Amino acid sequence: MGTGEESAFFSALRRLGAIHGNYLSQRVSLRALSRGAGRAATTIGAWLDGSRFPQQINSLVKVVEQLRAAAAAERFELAVCEAHLFDPSWWRRQHEMVARHRAESVRIGVQRSQAEATLGEHRAGQAVGRPLSELDPFDLEVHHSIDYPFTWLLDDYTFAYAHVEEAGAGTERAASLPALTRYIPRAHDERLRELVDRAKEGYSGIAMLVGSSSCGKTRACWEAVQMLGDDWRLWHPFDPTRPEAALADIQKVGPRTVVWLNEAQHYLMPSTGVLGERVVAGMRALLQDEARRPVLILGTMWPEYWDTLTALPRVQSPDVHEQARKLLAGTNIPVASSFSPAELEAAQRDGFHDPRLFYASLRAADGQVTQYLAGGPSLLERFRNAPPVARAVLRAAIDARRMGNGLAIPESLLREAAPGYLTDQEWDQSSDDWFEEAMAYGARPCHGARGTLTRIRPRPGQQASATAHYRLADYLEQHGRAAYSRTDPPGTLWEAALQHAKDEDLFAFARSARRNTNVDHLAFALKAARAGDHAAAWDAAETLNSSEDFEEALEMYQAAAANRAYVFARRKAAELLQRLGRFDEALAEYREAALQGHLPSVYTTVDILLERDQPQAADWIKQLVENTDLDILDLAIPLLQGVDEGAAIDIIGWLKDLADRGRPGALGRATDLMQQAGQIEEAVAWLRNLARRNYLGAELLLAEVLEEDGRIEEATQWYRQAAKSGYPGARSALRRLTPTSRVSG
């Protein structure tokens, strides 16, 4: 099978699309075709315009059959020579041949060779992830569904369907229900399906589902991966922590792997050091790696975390989420918190097969069916009716999450914080085992769904921590964030957090403490900084500097500057050293900041060096130009000229060498100096040589030099060449020089 047959296949697809568009679209729309084929409308459209190869032959056949039925209804007949276009068996034969040819072409290509090398690691047991067929949705944090007594379910179920089946049959059906409720496709699922279709065709992609707690984000991702083939794997990094696991093994991700980032904020914005940005950089590199295509990154997060990760930084603030903002651009798939009327109707229709779904569709307030299924109302009822000590522990857990604790809340933090939520009488009446009783209450399932506060059990092979950790139910957490948004936690919560919170959570507590005048936010920031958190170090340094504790502020600025994202912290350290009279140390900090790309520090360094030794300043700026991409040539050239007025020729040679090495700006500056020195012929010869080597910008610059020298005919030739290369300025020059001729190229 060669390219001729493949071309004929795509021509047939385009002809089928033309027949649909010209004759049958009123009878069967593109959307109707997509529903019948079970594929997105954009995917069907791409098939019918011949721009995408249909990976799923059964779906293509369904499209053909629908078009054949529409043609019959419209009394439209194909010409004899095109009768095969409505023949499913013809499409199956052609599809098989084209698919085999495409697979063989890819197999012998470079990309497949690289992919095979990566797959070799997978076969050797080195690649990460598990086959999709081996996965349990609950291991991937899909919510368990409510499991009400069948008699409750059937109160409405048997009434609604009494005309279809008897109550006894309904009870039997309910008793054999699967762990997951039937799935109702919603608006966001179509965009997910398109992404999965692209992945099946060999393209890497990423989607971030953004919505409130328990609105169906994780379940939607689970349903999406079910459309992938058996040769796909799924990698869910979580041990020892989510970001650490992701960073440790991301290089081992092979082709046809789903990267599962449920609650993605824990991967992309941990507070400790630069871990989050390193994870993001690894994800971006993975998506761009042709040797490992296709990979599919699926993540979920709440809207407030999306806003934090994608917001532009304030002026003079560090851009700590720059990498994340670039990774997430265009990936947002909003997930509504409520079912639409049409989706509610679909849920009630499917209730015949799953009474839990039917019950939730009737009982859920404001169409919040998924929240109801995840046990949301039951969780709130359990919280509101909790005994005092259990309620105190739950309030401590809610506030710990509100103030900055990660998903895993240390038992010691809860034990020490909870008494602050009890009155004296409640505390006096509590038993000696009050904490154990409270935890048992929180662990109790709500109609089969996870309880209000449950212990995180280490998996086999996972290192257990010294203290137990607990997870608060998402729905209860979100309720608590809204209900107590204007309520300050008691002092016991802050004391327990400072003593027992994990290092990576301390700075989040510090940021929250800053809003509470009764809490020492600096204690949290300093502890986080000394644990390696650069953002906390910057925050602590600014606080200490404003209170004139200069020595400790200097220590914190220098700690923050260990992260290149905080290069201005190095400048602040230099300014502080100058203030303290430690000038040599200040100069060293300014120089280091300049090397890291901080332009104001370049000018400050030059000013200091010029006061001491002009040749030293010139030599330093020359080295900085050669070792960085900073736009400082206009600073360097006069400085070098000022050292020795007769050194202009040497500067030209230096700039030409920089241009040959691709240094931005060197081409134009060298040409300007050569013109000023009267070296027109040398400039023309040099530029002509670069232009013939397709050096970017050389054609246009050569034409401009020739025009300025009065060599209009030769300049016009080079302007034409530059116009063909796509330079708009060349077209303008040609119109000026040859007003009556047509500008082509």
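Being a predicted model, the structure only gives us computed values, none of them experimental.

Participant: Could you clarify how one ought to interpret the overall build of the protein chain in this entry?
Facilitator: For the protein chain, the helix and strand inventory stands at 40 helices and 9 strands. By the burial criterion, 51% of the 745 residues in the protein chain qualify as buried. In the protein chain, 67% of the contacts between residues at least 6 apart in sequence involve partners at least 24 apart. On the protein chain, roughly 35200 Å² of surface is accessible, and the fraction owed to carbon and sulfur atoms is 48%.

Participant: What should I look at first to understand the sheet that holds strand E4 (residues 257–261) in this one?
Facilitator: Within a sheet, each strand pairs with its neighbour through backbone hydrogen bonds, oriented either parallel or antiparallel. With respect to topology, 6 strands assemble into an open sheet ordered E1-E3-E4-E5-E2-E6, the strand pairing being mixed. At either margin of the open sheet sits one strand with a lone partner, and together these are strand E1 (130–131) and strand E6 (332–334). Where strand E3 (residues 233–235) lies against E4, 3 bridges are found, and the strand directions are parallel. Within E4, the residue paired with leucine 234 across the bridge is valine 258. Relative to the sheet, helix H10 (residues 217–225) contacts strand E2 (205–210), E4 and strand E5 (295–301), its axis offset from that of E5 by approximately 165 degrees.

Participant: Got a minute to help me understand the sheet that holds strand E9 (residues 469–472) in this structure?
Facilitator: The strand order E7-E9-E8 describes an open sheet built from 3 strands, whose pairing is antiparallel. Either end of the sheet is taken by a strand with one partner, and the two such strands are strand E7 (409–410) and strand E8 (453–455). Its contacts with the sheet place helix H23 (residues 434–443) against E8 and E9, and it is angled at close to 100 degrees to E8.

Participant: Looking at this structure, how should I read the nonpolar core?
Facilitator: Within soluble globular proteins, side chains that are nonpolar tend to cluster in buried spots. Counting 73 residues, the largest nonpolar core has Leu413, Leu414, Leu453 and Phe524 as its most contacted members. Here this core gets 10 residues from one element, more than from any other, and that element is helix H20 (residues 388–403). Apart from residues no more than four positions distant in its own chain, leucine 453 is found in contact with Val393, Leu394, Ala397, Leu414, Met439, Gly442, Ala443, Tyr470, Arg471 and Leu472. In terms of nonpolar packing, the next biggest core, distinct from the first, is built from 57 residues, Leu624, Ile651, Ile680 and Ala723 among them.

Participant: Explain the environment of glycine 662 to me, please; I cannot follow it from the model alone.
Facilitator: Note that glycine 662 resides in the loop between helix H35 (648–660) and helix H36 (666–676). Accessibility expressed as a relative area gives 48% for glycine 662, which makes it partly exposed. Between the C-alpha atom of glycine 662 and that of leucine 696, which follows or precedes it by 34 residues, the distance is 9.2 Å.

Participant: Please explain the packing of helix H27 (residues 521–530) against helix H29 (residues 550–560) as it appears in this structure.
Facilitator: Two packed helices can be described by the angle between their axes and the distance between those axes. Axis separation between H27 and H29 bottoms out at 11 Å; the angle between their running directions is 45 degrees. The pairing of H27 with H29 is recorded here as oblique in orientation. For the crossing formed where H27 meets H29, the hand is left-handed. Between H27, through Leu526, Ala529 and Arg530, and H29, the contact on the second element is made entirely by Glu552, Glu555 and Met556. The residue inventory of the contact of H27 with H29, partitioned by class, reads 3 nonpolar, no polar and 3 charged.

Participant: Any chance you could explain the confidence of the model for the protein chain here in plain terms?
Facilitator: Low pLDDT means the predicted coordinates in that region are not meant to be read closely. Put simply, the protein chain has an average pLDDT of 84, and 88% of its residues get 70 or more. Low pLDDT (under 50) marks residues 106–125, which in the prediction has 18 contacts with non-local residues, meaning those over four places away or in another chain.

Participant: Help me out: how do you make sense of the pattern of salt bridges in this one?
Facilitator: Two side chains that carry opposite charge are able to pair once their charged atoms sit near each other. One pass over the structure, following the stated rule, counts 35 salt bridges. One salt bridge in this structure joins arginine 415 and glutamate 411, with 3.5 Å as the shortest N-O distance. Taken together, the positions of arginine 415 and glutamate 411, both in helix H21 (residues 411–417) and 4 residues apart, correspond to about one turn of that helix. The partly exposed category is assigned to arginine 415, whose relative accessible area is 32%.

Calculation rules
Residues numbered from 1 in each chain as written. Predicted model: local features only at pLDDT ≥ 70, side-chain atom pairs only at ≥ 80, totals over all residues. Heavy atoms only, no water. Helix = DSSP H or I, 4+ residues; strand = E, 2+ residues; numbered from the N terminus. Buried < 20%, exposed > 50% of the residue type's maximum accessible area, 1.4 Å probe, protein only. Contact = heavy atoms within 4.5 Å. Areas by Shrake-Rupley, 256 points an atom, 1.4 Å probe, with all protein chains shown as cover. Pairing = 2+ DSSP bridges. Axes fitted to C-alpha atoms, helices over the stretch in contact; angles between N-to-C directions. Core = buried A, V, L, I, M, F, W, Y, C linked by side-chain atoms within 4.5 Å. Parallel < 35°, antiparallel > 145°, perpendicular 65-115°, else oblique. Left-handed = near helix turned anticlockwise from the far one by under 90°. Nonpolar A, V, L, I, M, F, W, Y, C, P; charged D, E, K, R; others polar. pLDDT = per-residue confidence, 0-100. Salt bridge = Lys/Arg side-chain N within 4 Å of Asp/Glu carboxyl O.

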